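Secondary and tertiary structure notes
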Amino acid sequence: MGFSLGIVGLPNVGKSTLFNALSKASANVSNYPFCTIDPNVGVVEVPDERLTEIRRIIGSQKAVPTVIEFKDIAGLVKGAHKGEGLGNQFLSHIREVDAIAHVVRCFAAQDIVHVEGEVDPKRDIELIEAELILADLAVIDKKFEPVKKAIKTGDKNILKYLHLLEKFKEALDQGKPARSVYSSLIEEDKKLLADLPLLTLKPVLYVANVDESGNPDKVEIIRGIAEHEGAKVVPICAKLETEINELPEEDAKAYLKELGIEETALKRLIRSGYELLALITFFTANQKESRAWTVRAGARAPEAAGKVHTDMERGFIAADVVHYTDLVASGSFQTAREKGMVHTEGKGYGVRDADLILIKFNI
């Protein structure tokens, strides 16, 4: 699995329409809240032209792309942290994803009701954020009592953990997400928090659901909020993307060109997701298959090997590595090796985006 992205927002902002457009699935789209109770899940191949080229050069029988998992989580409403609108169930679904795609309605449509009345991106963003913050405060409050009792053991890590909980609570009480604290922590402290299931620790990107006009004034409001948080904004017309997906591939390409759209919503959202989570793609290839894999930026060679198979990480010896650009320039793996572009790396090697890696390991 590459990574998972949870699609959240108020009811009737276009989450399920976006999900269908991205995954070409058939989620229930209805003009009333809570038409989605269990999260719809769509596993989508990540389009990557580099994989096609590697397959051609290596002569593999097939190409296997990496994937992204989209989860369409039912609409949250005011009071979700207390269970309003099945809120507890929906919040638990958010805890399962790597990042949040917060869909914000920018379009006006008389036939699609807005649960809060008029279209107001700032209010909608603040409402969802407030519910997630209140849910996190409840989690923190439940942690305090057992942690305070455990301090009597004299364990310095428990004392440090309590201090971190207090820092999170202070930020949440001020209406700030937990990630505003987390980003400044040292790695040692972050490891102590591995079991802390806070929703506002999840990285967020905003999806501005616009109509054909682009709703520039509404999108600008979202950009201002995102810039303050260090988040990303991806404007998407979910309705238009749905129409494009219903066309044959060649017709869809022609339609996109006619509209002046260079990339589909799927490609833009995936790229933003990779940047948000600091992910990269590496490749493996042989005569049987060329395959793309997702790994965090900065990962060492054994960790990348573990994505292929856990035995490869445990028994990692070394890896022959050639970068995609060098492979293409050489025309073949053998020629790249003869030109000295293939290098053998050990356990300390930091994998680069677009590396082609041949792993050597003992079972």
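See the structure shown above.
Definitions and cut-offs
Residues numbered from 1 in each chain as written. Predicted model: local features only at pLDDT ≥ 70, side-chain atom pairs only at ≥ 80, totals over all residues. Heavy atoms only, no water. Helix = DSSP H or I, 4+ residues; strand = E, 2+ residues; numbered from the N terminus. Rg over C-alpha atoms; globule rule 2.2 N^0.38 Å. Buried < 20%, exposed > 50% of the residue type's maximum accessible area, 1.4 Å probe, protein only. Contact = heavy atoms within 4.5 Å. Phe/Tyr/Trp six-rings, centres within 6.5 Å; stacked < 30°, edge-to-face > 60°. Pairing = 2+ DSSP bridges. Axes fitted to C-alpha atoms, helices over the stretch in contact; angles between N-to-C directions. Salt bridge = Lys/Arg side-chain N within 4 Å of Asp/Glu carboxyl O. Expected span 1.5 Å × (residues − 1). Polar contact = N/O pair within 3.5 Å; in protein donor to acceptor, adjacent residues only side chain to side chain. Core = buried A, V, L, I, M, F, W, Y, C linked by side-chain atoms within 4.5 Å. Parallel < 35°, antiparallel > 145°, perpendicular 65-115°, else oblique. Left-handed = near helix turned anticlockwise from the far one by under 90°.

Topic: the overall build of the protein chain
When helices and strands are counted, the protein chain shows 15 helices and 12 strands. Its C-alpha atoms give the protein chain a radius of gyration of 23 Å, within 12% of the compact-globule value 21 Å for 363 residues. When its C-alpha atoms are laid out on the principal axes, the protein chain stretches across 65 × 65 × 35 Å. Looking at the protein chain as a whole, 48% of its 363 residues qualify as buried. Here the analysis covers contacts within the protein chain between residues at least 6 apart in sequence; of these, 69% occur between residues at least 24 apart.

Describing the packing of aromatic side chains
Counted according to the given criterion, the structure contains two aromatic pairs. When the centroid spacing of 5.3 Å and the interplanar angle of 80 degrees are considered together, the rings of F3 and Y274 count as edge-to-face. Taken together, the positions of F3 in strand 1 (residues 3-8) and Y274 in helix 11 (residues 265-277) put the pair 271 residues apart, joining distant regions of the chain. A residue is classified by how much of its surface remains accessible, and F3, at 2% relative accessible area, is buried.

Some points on the sheet that holds strand 7 (residues 232-236)
One open sheet holds the six strands; their spatial order is 2-4-1-5-6-7, and the pairing between them is mixed. Looking at strand neighbours, the two that pair on one side only are strand 2 (40-45) and strand 7, the edges of this open sheet. The sheet shows a mean angle of 25 degrees between the axes of neighbouring strands, direction not considered. Lying on the sheet, helix 4 (residues 121-150) is in contact with strand 5 (99-105) and strand 6 (204-209); it crosses strand 5 at an angle near 145 degrees.

Let's talk about the pairing of strand 4 (residues 67-72)
Taking burial as the measure, the six residues of strand 4 include six buried ones, the bulk of the element. Of the two faces of strand 4, the one lined by V67, E69 and K71 and the one lined by I68, F70 and D72 are each fully buried. One ladder, built from five bridges, connects strand 1 with strand 4; its direction is parallel. Looking across to strand 4, one finds that L5 is bridged to F70.

A closer look at the pattern of salt bridges
As enumerated under the stated definition, the model contains 27 salt bridges in all. Salt-bridge contacts for K253 lead to E250; the nearest nitrogen and oxygen are separated by 3.9 Å. One end of the pair is K253 and the other is E250, both in helix 10 (residues 249-259) and three residues apart, which spans about a single turn. We classify K253 as partly exposed; its relative accessible area is 47%. Put simply, D320 and K360 hold a salt bridge, and the shortest N to O gap is 3.5 Å. With D320 in strand 10 (residues 316-323) and K360 in strand 12 (residues 355-361), this pair connects stretches of sequence that are 40 residues apart. A cluster of three or more residues bridged by salt bridges with shared partners is formed by D48, R50 and D353.

Section: helix 5 (residues 156-173)
The first and last C-alpha atoms of helix 5 sit 26 Å apart over 18 residues, in line with the 26 Å expected at 1.5 Å per residue. Taken together, the buried positions of helix 5 are Y161, L162, L164, L165, F168, A171 and L172. With a side-chain oxygen positioned 2.8 Å from the backbone nitrogen of N157, the residue opening helix 5 is D155. Just beyond helix 5, the residue with positive phi is G175, at close to 80 degrees.

Let's talk about the nonpolar core
Core analysis: the largest hydrophobic core is formed by 54 residues, its most contacted members being F70 and Y206. If we ignore the near neighbours within four places in the chain, the residues touching Y206 are H102, V104, I125, I222, I225, A226, E229, A231, K232, V233 and V234.

Things to note about the packing of helix 4 against helix 5
Packing of helix 4 against helix 5 leaves a shortest axis separation of 10 Å and a crossing angle of 155 degrees. Classified by the angle between their axes, helix 4 and helix 5 sit roughly antiparallel to one another. As helix 4 packs across helix 5, the resulting crossing turns out to be left-handed. Contact with helix 4, carried on its side by I133, D136, L137, I140, D141, K143, F144, V147, K148 and A150, involves I158, Y161, L162, L165, E166, F168, K169, L172 and D173 of helix 5 and no other residues of that element.

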